[in-house]
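Next come the chains, spelled out residue by residue.
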Amino acid sequence: MFFEPDRLNFFRPLAGKHRGVVVACVRALYERLHGPSADYGQNLTRDGLRDLLLPVVQQALQEARQLLPQQDEAGVELADDDLIPAGADDQQSSSALLRTLLRDGWLETFGDRAGLVTAYRFSRAGKLFAEAFWAIERRSARTRQRNVRSCRNALNAALRNVDAYDLIDAYDYAEKVISDLSEGVDYFQELVRRLMLEASQTPWDGFMEFLDRFEKEFKKQLTADSIERHRQAIRDLIARLHSLEHDKAQALEDQLNDIARWASQERQGPSTLDWMLDRIEEMVEAACTTKHPELIKAMSVYMQRAASIVQQALMLRGGHTRQAYSVAISKTAKLSGAGNAQDAFLERLGAAIAPAEIRLLDPASFKLRSASQRRKALTVTAQPKVTRDARLAAAMYRAEADAFALSNDDIVHRIRAELRLRDRPIRLSTLPVATTTDVLNNMQIVEAVRGARDERLTVQKLPSKLWNEFYAGDDYQIEMKHDPD
C-alpha cells in the first residue's frame, strides 16, 4: 500500500500555505540528485543539502509573500501549518523544511561509507513525485517524440533476436506514442485558452515559445518521427512476427509468459505473443487515425487564432498614424469659445508638421493598356491545347502502369476460393505460373493475405525455397482455418 506508516502524512507539505516553497525545494533537489547535471560521484550531505536549499528558500519565500495578498483578495483558503515557524529567518526556514521532508517520507538517510557521514536521498515515492514537479517546468527542454521510431526498432530487434525483452520494449514505446500525441494536443489547447484570456495583448512570448518548441520537437514529430511514416513498417514487422516459425514462436511465447506475467493476466486468448502484437498494432493504428489528426487540427486552430490576433495588433499599430488627424480634429473642437486658443493650437500643430515633405505621383505615369496589348496578354496566358499525340502518350503511360497493378482484394478473394475448393493448405510453389497475371498474383499474394485482416487466413514461412524461371525466394504456406461448428 502507498500509505505505509512512514508515509501517512506524505502530502501534508503540499497542503499548507508554504506549498510553493516545498515544490521549489523538491525541484531543486531532483535537479541536483537526478538531473542532467547531477554529480553522482559525491553524495549529498547535510551541509550540502542546507547550502542547496538556502537560496531556493529565500527566493521562494519572496515570491510567496507577494502571492499571499492576491490569494487573500481572491478568497483562496490556505491551510495553516507549522512547516516554517513565524518570524524564522532563511536559515531556520531551510532547516525546518528539511526536517519536514524527512518526517513525511520525501527524503531518507543512508550511510556514506566513503566519507563516514550521513547522506540524503529521495525515497522511492518522493523521487516519483519530484520527477513530475521537475518535468512540468522543463517542457521545452525535454527530448520527446522518438517513441514511434523506437517502437519500430524494438520490433525489428525482436524479430532478429527472437527476444521477448525487445517485444516488451516495443509495447511500452507504443503506449508512449499515444501519450506523447495527447500531450501535444493538450499543449495547443492550453495555448488557445491563453490566447483567449490575453486577447487584449499581443501574445509574443507564447508565440515565440511555440516556435522554439516547434523547431526542437514538433518538427521532428511531423517529419522524421511521424507516425504515418513508420506505420506501414510497423505493420510489416508485426505480420512477420505473427508468421514466425513454430519453434521460434514457441520460444518467444515461453519467454513472455516467464517475464511478463502481467500480460498473461490481461490477455484475451490463448497466446500472449499474439495478444501483445495485436495490442501494439491497435495502439499504433489509434495514434494514426485519432491522435495524430487531433494534433494537426489543434496546431492549425492555434496558428489561425494567433495569426488573426497578431494581424489585428499590427493593423492597430499601423493605424495610429492615420488616427492622428482625427485626434487633432477632436482636440481642436474641444477648445470651445476661444478662437485664439484654437488658432494657437493649430499654429503649434503646423510648426510640428512643417518639416514633413509630401510628394505626389504624376498622373501621366499611369496609362491603361491598349486593346492590342490586352489581346497579346490573353494569347500569352491562354492554356496550350493538348494534341492527339500527347493524349495518346498519356493513355499508353496509364495502360503500362495499370498492366502490373493487381488489387489485393481480388487476390485474396481468388486464394480464398481456391482454398475452399482444395480444402487443404496451399504452398506458394504449387501455384501455376502459366501467364503474366499468374506470376504477378504469386509475387503479391503473401502481402495481400497479410493485409486482409482475415483471422481465418494464415501465412507461414517454410524452410524450403521457391525456384522457377521467373523469380526465386522463400516458400510460404497459406491456410484457411475453418470456423468451429
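Residues numbered from 1 in each chain as written. Predicted model: local features only at pLDDT ≥ 70, side-chain atom pairs only at ≥ 80, totals over all residues. Heavy atoms only, no water.

As annotated in an unreviewed UniProt entry, the chain carries the name Ferrochelatase and comes from Collimonas pratensis.

Engineer: Tell me about the pairing of strand E6 (residues 472–480), and please be specific about residues and values.
Structural biologist: Inspection of the sheet shows strand E4 (residues 426–427) paired to E6 by two bridges, in the antiparallel sense. By the bridge assignment for E6, Ile-426 is matched with Ile-478. Pairing between strand E5 (residues 457–467) and E6: eight bridges, direction antiparallel. Counterpart to Leu-457 in the pairing with E6 is Met-480. Between E5 and E6, which pair antiparallel in sequence order, lie four residues. (Pairing = 2+ DSSP bridges. Helix = DSSP H or I, 4+ residues; strand = E, 2+ residues; numbered from the N terminus.)

Engineer: Explain the sheet that holds E5 residue by residue, including any values.
Structural biologist: The strand order E4-E6-E5 describes an open sheet built from three strands, whose pairing is antiparallel. Since the sheet does not close on itself, it has two edges, and those belong to E4 and E5, each with one partner. Helix H16 (residues 408–422) rests against E4, E5 and E6 of the sheet, and its axis sits at about 65° to E6. Across the sheet, helix H17 (residues 436–450) touches E5 and E6, and the angle it forms with E5 is around 155°. (Contact = heavy atoms within 4.5 Å. Axes fitted to C-alpha atoms, helices over the stretch in contact; angles between N-to-C directions.)

Engineer: For unusual backbone geometry, give the residues involved together with the corresponding values.
Structural biologist: For Val-162, which is not a glycine, the phi torsion comes out positive at approximately 50°. Inspection of the secondary structure assignment puts Val-162 in the loop between helix H5 (147–161) and helix H6 (164–197). A relative accessible area of 17% places Val-162 in the buried class. (Buried < 20%, exposed > 50% of the residue type's maximum accessible area, 1.4 Å probe, protein only.)

Engineer: Help me get a handle on the UniProt feature "coiled-coil region" (unreviewed entry) in the chain, residues and values and all.
Structural biologist: Annotation from UniProt places "coiled-coil region" (unreviewed entry) at residues 227–254. Here residues 227–254 runs as 89% helix and 0% strand, with 31 Å between its end C-alpha atoms. (UniProt positions renumbered as here; feature names shortened; annotations may be inferred.)

Engineer: A description of the pattern of salt bridges should follow, citing residues and the corresponding values.
Structural biologist: Evaluation of the coordinates by the stated rule reveals eleven salt bridges. Its salt-bridge partner being Arg-50, residue Asp-47 comes within 3.2 Å of it at the nearest N-O pair. Highlighted residues: Asp-47 and Arg-50, both in helix H2 (residues 46–74), separated by three residues, approximately one helical turn. One salt bridge in this structure joins Arg-121 and Glu-108, with 3.0 Å as the shortest N-O distance. Note that Arg-121 is positioned in strand E3 (residues 117–122) and Glu-108 in strand E2 (residues 107–112), a separation of 13 residues in sequence. Judged by its relative accessible area of 38%, Arg-121 falls in the partly exposed class. For Glu-108, a relative accessible area of 31% translates into the label partly exposed. (Salt bridge = Lys/Arg side-chain N within 4 Å of Asp/Glu carboxyl O.)

Engineer: An account of the sheet that holds E3 is requested, with residue identities and associated values reported.
Structural biologist: A sheet is described by the order of its strands in space; here three strands give the open sequence E1-E3-E2, paired in antiparallel fashion. In this open sheet, the two edge strands, each paired with only one partner strand, are strand E1 (44–45) and E2. Note: E2 against E3, six bridges, orientation antiparallel. Its bridge partner lying in E3, Thr-109 is registered against Tyr-120. Packed onto the sheet, helix H1 (residues 19–34) meets E1, E2 and E3 and runs at close to 110° relative to E3.

Engineer: So, the environment of Ile-445: which residues are in play, and what are the values?
Structural biologist: As for its placement among the helices and strands, Ile-445 is situated in helix H17. Note: C-alpha distance between Ile-445 and Ile-411 (34 residues apart in sequence) is 6.4 Å. In this view, Ile-445 contacts Ile-411, Ile-415, Leu-428, Leu-431 and Ile-478; residues no more than four positions away in its chain are not counted.

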